[in-house]
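# Observations on chain architecture
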Amino acid sequence: MATSEELHKRRVEAVARGVGSTIPAYVDRAGGGTITDVDGREWIDFAAGIAVTNVGNSAPRVVEAVRAQVERFTHTCFMVAPYESYVAVCEQLNALTPGGFEKRSALFNSGAEAVENAVKIARHATGRPAVVVFDHAYHGRTNLTMALTAKNMPYKHRFGPFAGEVYRVPMSYPLRDGGLDGATAAARSIEMIEKQVGAENVAALLIEPIQGEGGFVVPAQGFLPALREWATAAGVVFVADEIQTGFCRTGDWFACEHEGVEPDLITLAKGIAGGLPLAAVTGRADLMDAVHVGGLGGTYGGNPIACAAALASMETMRELDLAAAARRIGAVMVERLRVIAAGDPRVAEVRGRGAMLAMEIVVPGTLTPDPAATAAISAACHAAGLLTLTCGTYGNVLRFLPPLVISDDELGRGLDILAAAFG
Ligand SMILES: *Cc1c(COP(=O)(O)O)cnc(C)c1O
């Protein structure tokens with residue numbers, strides 16, 4: 001077998017430079033809480049393929065379901081000849097997502113595509129053009145979702161012009177907004193919407209209940225409920241982007257549940273199908289069904305193999321109670337992260353929920369972001385056998401997203417490596 005070094009040489013000659021990788025190691029196999037490269041080096045996985053393999057890599061039920069489906073049929077296109085598993089995934093999403101009202105779902109391939117479709121549905125249903133998004137938001141890399149995403153480098157730089165009718169307002173970011181309470185932070189954002197956009201022009205307010213790429217920013221308590229209340233009164237479609245937070249990651253099935261927020265529409269992807277590409281928009285039946293027949297879809301959306309994987313993943317989440325696992329992992333991690341933070345003045349904050357946790361790294365004694373120190377700590381983790389990711393508008397957040405099936409031993413070893421990387 002080729003070595004990682006050999007594969008890297010081939011990659012540079014074959015793969016576009018714009019597609020980056022966190023580590024230059026080429027995967028041979030992965031499962032539970034580890035990834036092993038073709039040279040036999042092992043990493044403890046605190047990335048889960050960016051919050052995708054919540055049920056683990058090659059989870060037994062997923063493998064079995066995919067294998068069985070591949071043998072039956074691989075693709076007919078749901079828009080041409082439909083099949084049961086697509087319907088079953090929609091039924092489950094309608095039942096699992098917050099909100100006791102009648103719902104419908106539609107399936108797509110990627111998170112960005114789900115977000116695009118949520119915007120299509122909200123605009124169509126309301127007849128309004130504007131979409132409100134937040135500072136530090138991340139919603140994808142397609143043209144519309146680049147416009148919805150906040151950060152220029154690397155996501156938007158020289159890729160414009162972007163889609164119009166997108167308006168950005170402040171996020172609740174307790175570490176960096178002077179600790180504004182949720183209601184006050186929401187009032188600030190709402191005033192900006194009303195004065196600069198006009199509520200009657202707004203189709204959708206789109207928000208990640210805990211921001212992902214933007215820095216694992218957890219809004220102050222009350223922020224999301226206040227926005228939800230305003231959106232209801234203003235006839236604005238409240239869209240929760242739970243692409244990173246969903247499917248047990250934060251200790252509930254969906255992060256909105258933590259404060260009892262019921263979105264009108266919810267976008268889902270990443271953790272939905274154990275690593276197979278699948279995404280969804282789930283929400284109020286009246287909004288979802290407003291769109292004419294043929295107005296939503298795509299060749300591969302809700303591919304039968306991906307649907308089989310999603311059904312098996314959701315079954316695994318129920319069977320192993322992965323929401324409880326996320327809470328347990330979170331409790332173990334937070335305790336260790338707090339010890340690290342107490343001994344290192346570069347750590348401004350430990351935050352997150354469940355198994356979606358982060359540390360924000362600054363110049364000691366200030367709130368000045370220190371992306372260089374963040375990168376150095378992350379690189380030290382990689383060198384010692386722990387796969388960590390960074391994020392944040394300022395590139396100064398270490399984020400941790402272990403698979404929810406990681407063993408106590410793997411979790412403990414990963415945290416030991418992390419502690420050592422802080423030196
Ligand atoms: C990853 C992500 C997306 C985009 O999903 P893709 O599948 O990469 O297109 C959108 N929103 C959030 C919150 C994400 O984390």
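Residues numbered from 1 in each chain as written. Predicted model: local features only at pLDDT ≥ 70, side-chain atom pairs only at ≥ 80, totals over all residues. Heavy atoms only, no water.

### Brief notes about the sheet that holds strand β2 (residues 34–37)
For clarity, the cut-off: Two strands qualify as a pair provided DSSP detects at least 2 bridges between them. Each helix corresponds to a stretch of at least 4 residues labelled H or I by DSSP, and each strand to a stretch of at least 2 residues labelled E; elements are numbered beginning at the N terminus. The criterion used for residue contact is that any of the two residues' heavy atoms lie within 4.5 Å. Helix axes are fitted only over the stretch in contact, all axes being lines through C-alpha atoms; the angle between N-to-C directions runs from 0 to 180 degrees.
Sheet architecture is open: four strands sit in the order β1-β2-β3-β13, paired in mixed fashion. Whereas interior strands pair on both sides, the edge strands pair on one side only; in this sheet they are β1 (27–31) and β13 (386–387). The pairing of β1 with β2 spans four bridges and is classified as antiparallel. Bridged to Gly-31 within β2 is Thr-34. Against the sheet, helix α13 (residues 408–422) makes contact with β2, β3 (42–45) and β13, and its axis sits at roughly 100 degrees relative to β3, the strand it touches most.

### A short note on the packing of aromatic side chains
Quick reminder of the rule: Each Phe, Tyr or Trp ring (for Trp, its six-membered ring) is paired with any other whose centre lies within 6.5 Å, and the angle between the two planes then decides the class: stacked below 30 degrees, edge-to-face above 60, tilted in between. Note on criteria: charge over ring means Lys NZ or Arg CZ within 6 Å of the ring centre, with the direction from the centre no more than 35 degrees off the ring normal.
Applying the stated criterion to the full structure yields nine aromatic pairs. Considering the side-chain rings of Phe-73 and Tyr-83, the 5.6 Å spacing of their centres and the 65 degrees angle between planes classify their relative orientation as edge-to-face. Linking Phe-73 in the loop between α3 (60–72) and α4 (84–96) with Tyr-83 in the loop between α3 and α4, this pair joins segments that are 10 residues apart in sequence. An aromatic cluster is present here, built from Phe-73, Phe-78, Tyr-83 and Tyr-86 joined pairwise through their rings. The ring of Phe-162 has Lys-156 lying over it, and the distance from NZ or CZ to the ring centre is 5.3 Å.

### Comments concerning the packing of helix α7 (residues 182–196) against helix α8 (residues 223–234)
Using the following cut-off: Note on convention: near helix rotated counterclockwise from far helix by under a right angle means a left-handed crossing. Clockwise means right-handed. Amino acids are sorted into nonpolar (Ala, Val, Leu, Ile, Met, Phe, Trp, Tyr, Cys and Pro), charged (Asp, Glu, Lys and Arg) and polar (every other residue, Gly among them).
α8 packs onto α7 with a crossing angle of 35 degrees between their chain directions and a minimal axis gap of 8 Å. In this structure, the crossing between α7 and α8 has a hand that is right-handed. Packed against α7, whose contacting residues are Gly-182, Ala-185, Ala-186, Ser-189, Ile-190, Ile-193 and Glu-194, the element α8 presents Phe-223, Ala-226, Leu-227 and Trp-230 at the interface. For the contact of α7 with α8, the residue count by class is eight nonpolar, two polar and one charged.

### Overview of the domain arrangement of the chain
Worth spelling out the cut-off: Domain start and stop positions are those given by an automatic or database domain assignment. We define buried area as the total accessible area lost by two parts upon association, computed with a 1.4 Å probe and summed across both. Each salt bridge in this description consists of a side-chain nitrogen of Lys or Arg and a carboxyl oxygen of Asp or Glu lying within 4 Å of one another. N or O atoms closer than or at 3.5 Å make up a polar contact, with two conditions inside protein: a donor-capable atom paired with an acceptor-capable one, and, for residues adjacent in sequence, both atoms drawn from side chains.
In terms of domains, the chain is made up of domain 1 (4–58 + 321–421) and domain 2 (62–320). For domain 1 versus domain 2, the distance between C-alpha centres works out to 24 Å. Facing 42 residues of domain 1, the contacting portion of domain 2 comprises 37 residues. Here domain 1 packs against domain 2, burying approximately 3,100 Å² in sum over the two surfaces, 59% of which is carbon and sulfur. Area buried by domain 1 at its contact with domain 2 is led by Val-55, Arg-353 and Met-356, which between them contribute 25% of it. A salt bridge links Arg-176 to Glu-360; the shortest N-O distance between them is 2.6 Å. Inspection of the domain 1/domain 2 interface yields 23 residue pairs in polar contact (both at pLDDT 80 or more).

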